[in-house]
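# Chains, contacts and geometry: an overview
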Amino acid sequence: MKDEIHSLSAERLFCVKGLVTIVTGAASGLGLTIAETMAANGADLILVDRNEKEMKRVSEEVIPGAETAVVDIADPAAIRRLVDGVVQRKGRLDVVFANAGISAGGGGGGGPPPPGRPPRGGGGPGVGAPPPPAGTPRPPPAGPP
């Protein structure tokens, strides 16, 4: 029983030492915090963000020497190139912490989709649509009355 309990320890369950890991949105906020934590625990990191200036700062000042990639995660072909490149260089990819967001408009970080790309969405009112004019009343939350 003791061996069974030991095998379920947080240290063993969440050990990232040596795991080849991509963290998106790694230039700031939650993505950066996750990247710092994973680096401190021995993960082999590839930090991804579309903000080149901040990625350079992170790799120089926050997580020195970290491998970085400037990628817009709203571009599926760029993601494929990133993953293929990591697997080619490292031989594998163990973890992807997909922290960066894509707005309903299709461009990462909000705003309209890039030229030639249709809006994402289709999941319901407001998804892929522009926001309502200021002062428009909001519908009541869904759920039991």
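Residues numbered from 1 in each chain as written. Predicted model: local features only at pLDDT ≥ 70, side-chain atom pairs only at ≥ 80, totals over all residues. Heavy atoms only, no water.

## So, the side chain of Asp-49
Counted only if it meets this: Runs of H or I in DSSP of at least four residues are treated as helices and runs of E of at least two as strands, each being numbered from the N terminus. Each residue's exposure class comes from its accessible area (1.4 Å probe, protein chains only) as a fraction of the maximum for that residue type: buried when under 20%, exposed when over 50%, partly exposed otherwise. The convention is simple: Lys and Arg are positive, Asp and Glu are negative, and His and the chain ends are not counted. What makes a salt bridge here is a side-chain nitrogen of Lys or Arg within 4 Å of a carboxyl oxygen of Asp or Glu, nothing more. The definition of a polar contact used here is a pair of N or O atoms within 3.5 Å, where within protein one atom must be able to donate a hydrogen and the other to accept one, and adjacent residues in sequence count solely through side-chain atom pairs.
Its place among the elements puts Asp-49 in strand β2 (residues 44-49). As a buried residue without a salt bridge, Asp-49 has its nearest oppositely charged side chain in Arg-50, at a separation of 5.7 Å. A polar atom in the side chain of Asp-49 sits 3.5 Å from the backbone nitrogen of Ala-26.

## Here's the deal with the sheet that holds strand β3 (residues 67-70)
The strands making up a sheet are joined through hydrogen bonds of the backbone, oriented either antiparallel or parallel. Going by this rule: Here, a strand pair is defined by DSSP locating no fewer than two bridges between the strands. In this analysis, axes come from line fits to C-alpha atoms, helices being fitted only over the stretch in contact, and the angle between any two N-to-C directions falls in the range 0 to 180 degrees.
With parallel pairing, four strands are arranged side by side in an open sheet as β3-β2-β1-β4. One side of each edge strand has no neighbouring strand; the edge strands of this open sheet are β3 and β4 (95-97). Sheet twist, expressed as the average angle between the axes of neighbouring strands with direction ignored, equals 20 degrees. Across three bridges, the pairing between strand β1 (residues 20-24) and β4 is parallel.

## Side note on the pattern of salt bridges
Tallied over the entire structure, the rule returns seven salt bridges. For Glu-67, the salt bridge goes to Lys-90, with nearest N and O atoms at 3.5 Å. Here Glu-67, found in strand β3, pairs with Lys-90, found in helix α5 (residues 76-90); they are 23 residues apart in sequence, far enough to count as distant. Taking the relative accessible area as the measure of exposure, Glu-67 reaches 23% and is therefore partly exposed. For Lys-90, a relative accessible area of 28% puts it in the partly exposed group. Connected through shared salt-bridge partners, Asp-44, Glu-67, Arg-89 and Lys-90 make up one network.

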